[in-house]
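The residues making up each chain are set out below.
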Amino acid sequence: TIFDKDKFIKFVSNKQFLPDSYTAFKNKIGLVDEKDEFISEKKDVVLSWPYKDCVLEGGMTKEDQKRDEIFWNEVLAPDEISRLLDPKVFTNAKRIDKDGEHSLLSLRGAERRSNPIFRTDEKGDIKDNLIIKGNNLLVLHSLKKRFAGKVKLIYIDPPYNTGNDEFKYNDAFNHSSWLTFMKNRLQVAKELLKDDGVIFVQCDDNEQAYLKVLMDEIFGKENFINTISLRVSPPEGVKTAHATKTILKEKEYLHVFGKNRQQLSINPVYIKADMWDTHYGNYIENIDEPMEKWKVIPLSQILKKEKIYPDLNNKDFVSWIIQNANKIFQLIDAGKYKNIEKYRKDRFQWTDDKKIIIYRGRKVHFLTEGLKNTDEGLTLGRLLCDFWKDISFNNLFQEGGVSLVGGKKPEKLIKRLIEMIMGQNDIILDFFMGTGTTCAVAHKMGRQYIGVEQLDYGENSAVVRLKNVINGDQTGISKAVGWKGGGDFVYLEL
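Quick caveat, the model's predicted, so the values are computed rather than measured. (Residues numbered from 1 in each chain as written. Predicted model: local features only at pLDDT ≥ 70, side-chain atom pairs only at ≥ 80, totals over all residues. Heavy atoms only, no water.)

1. Looking at the sheet that holds strand β19 (residues 371-374)
Strand pairing in a sheet is mediated by backbone hydrogen bonds. Such pairs are either parallel or antiparallel.
Item 1. The strand order β12-β20-β19 describes an open sheet built from three strands, whose pairing is antiparallel. Here the strands that pair on one side only, and so sit at the sheet edges, are β12 (270-272) and β19. Averaged over all adjacent pairs, the angle separating strand axes in this sheet is 70°, with direction ignored.
Item 2. Bridge count for β12 against strand β20 (residues 377-383) is three bridges, and the pairing is antiparallel. In the strand pairing of β20, Y270 is matched with L383. (Pairing = 2+ DSSP bridges. Helix = DSSP H or I, 4+ residues; strand = E, 2+ residues; numbered from the N terminus. Axes fitted to C-alpha atoms, helices over the stretch in contact; angles between N-to-C directions.)

Here is the structure:
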């Protein structure tokens, strides 16, 4: 019997034989018509994305670096995929605290019952911090039974598909392979999120546009929150030599999605204003007298008298405005009140509902409303939006006592995400953990965390970093949060 290869290809390409998930092209993006036939001389075309319907294991160990990636098609290899994604066994469990490492899986019978592997609450939910070594796709699927719908915040900094990251991932996937790699992991990550949970994915220009489209598909365009631009690399030094050949890179991105945006709640974050707001130009010199007797003079007049220059970098000025914030004000539009005759008079008065004070038909906005607690203390604040340029990505080599040139993220960044999204009893997950920045920050801030990493960073691993944290590491955010050391975590291997 002679096998007719051409007829077989035509047969399995027929949509009546296999549903649309069958991948027609193995290596490259191809243009096909609605019948999945080559376009050659046809005019109506669609863009076919190879591997979209496959599962990519994505081996990342040193031994995996040069292997050909294995794609399991969901229709043609359902058994292989089921085995791949079935929950796996965790081994070599040990609790690590200031007194060292304590094996947990060696316990037996009654000893295990009196000293269980995990701490749990009355609902049986695990309350331990977890550090897991293993393939993150397999780990995520293995965590589903205990953590599905329980993670409040996910932050990941995946390989950027540049081919030159210091991360020894297989970071040179072809484009469609990288998207498949991310799709498989983001799909299960969504299952782990709480209904009011949020995911932040950091990336650069190599894949950010495609990643946004992929996340639209997985999380729903209606659950897109924003894309934050991060100023990560100011143009200076050797880089500026290339300024005549290209537009230099200064930013990266954080794609932000909620699992269900309707249930989302974000804590607004304020940073120190760039400069003094001169609209706060009025000063009440007799604030202790009844409102109707208040007398207004220009703020510049009193500052000149006090010999203080208005500059938010001037500690004397900041201290003075804080002490006098209830006397300093600006006038802003008061909507309907500006057209009511009695409110247009040259005197201060409450509105009938006693909610705002009106002066000359406009609302009195005191500086007390503009002062905010920021990382630099109480000062005139500015609401943080979608362009973050105040966090330095330079000189991070000392943070945590571990090194990863070009790969570490600042502890201050993770602190901000936690403050924006998490409550005290929530869980944060990072399944591209690297050297453990996310987990180190969560530990210092008293939040429960799960970190997953496949690569072995040796003396620069997350385990080493967290041991430093437990022993009172004073780098990164430690001083800002008053970190003194302590706590523990459970280490597991897949």
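2. So, the confidence of the model for the protein chain
Item 1. Overall, the prediction assigns the protein chain a mean pLDDT of 85, with 83% of residues at 70 or greater.
Item 2. For residues 40-47, every residue scores under 50 in pLDDT, and the model assigns this stretch eleven contacts once sequence neighbours within four places are set aside.
Item 3. With pLDDT under 50 throughout, residues 164-168 is counted as low confidence; its partners more than four residues away or in other chains account for 13 contacts. (pLDDT = per-residue confidence, 0-100. Contact = heavy atoms within 4.5 Å.)

3. Brief notes about the packing of aromatic side chains
Item 1. Taken as a whole, this structure holds 14 aromatic pairs when the rule is applied.
Item 2. Judged by centre distance (5.1 Å) and plane angle (90°), the rings of W276 and F317 are edge-to-face. A residue pair is termed long-range when its members are at least 10 positions apart, and W276 in the loop between β12 and β13 (282-284) and F317 in helix α8 (residues 315-323) qualify at 41 residues. Across the pair, exposure class does not vary: W276 and F317 are buried alike.
Item 3. Centroid distance Y283 to W320: 5.9 Å. Interplanar angle 20°. Geometry classified as stacked. Taken together, the positions of Y283 in strand β13 and W320 in helix α8 put the pair 37 residues apart, joining distant regions of the chain.
Item 4. Here Y283 falls in the buried class, since its relative accessible area comes to 7%.
Item 5. What links up through ring pairs into an aromatic cluster is the set W294, F329, F348, Y359 and F366.
Item 6. The ring of Y270 carries the charged tip of K372 above its face, separated from the ring centre by 4.6 Å. (Phe/Tyr/Trp six-rings, centres within 6.5 Å; stacked < 30°, edge-to-face > 60°. Buried < 20%, exposed > 50% of the residue type's maximum accessible area, 1.4 Å probe, protein only. Lys NZ or Arg CZ within 6 Å of the ring centre and 35° of its normal.)

4. Describing empty space enclosed by the protein
Item 1. By the definition in use, this model includes three cavities of 30 Å³ or more.
Item 2. Reported here for the largest cavity is a volume of approximately 110 Å³.
Item 3. Forming the boundary of the largest cavity are 16 residues, of which D157, G407, K409, M433 and T437 lie nearest the centre.
Item 4. A class-by-class count of the residues in the lining of the largest cavity yields six nonpolar, six polar and four charged. (1 Å grid on protein atoms, 1.4 Å probe; cavity = no way out; pocket = protein on both sides within 12 Å on 5 of 7 lines; lining within 4 Å. Points joined across faces, edges and corners; volume = space filled by probe spheres on them. Nonpolar A, V, L, I, M, F, W, Y, C, P; charged D, E, K, R; others polar.)

5. Focus on the environment of N73
Item 1. Counting through the fold element by element, N73 comes out in strand β4 (residues 71-73).
Item 2. Under the relative-accessibility criterion, N73 is labelled buried at 10%.
Item 3. Spatially, the C-alpha atom of N73 lies 9.1 Å from that of L56, the residues being 17 residues apart in sequence.

6. Focus: the sheet that holds strand β11 (residues 251-258)
Item 1. Ordered by their spatial adjacency, eleven strands build an open sheet running β6-β5-β24-β7-β23-β22-β8-β9-β11-β10-β21, and the pairing between neighbours is mixed. Each edge of the sheet is formed by a strand with only one pairing partner; in this case those strands are β6 (100-103) and β21 (387-388).
Item 2. Helix α5 (residues 175-192) contacts β8 (151-156), β9 (193-203) and β22 (427-430) of the sheet and is inclined by roughly 150° relative to β9.
Item 3. Packing of helix α6 (residues 208-219) onto the sheet brings it into contact with β9, β10 (224-231) and β11, and relative to β11 it is tilted by some 5°.

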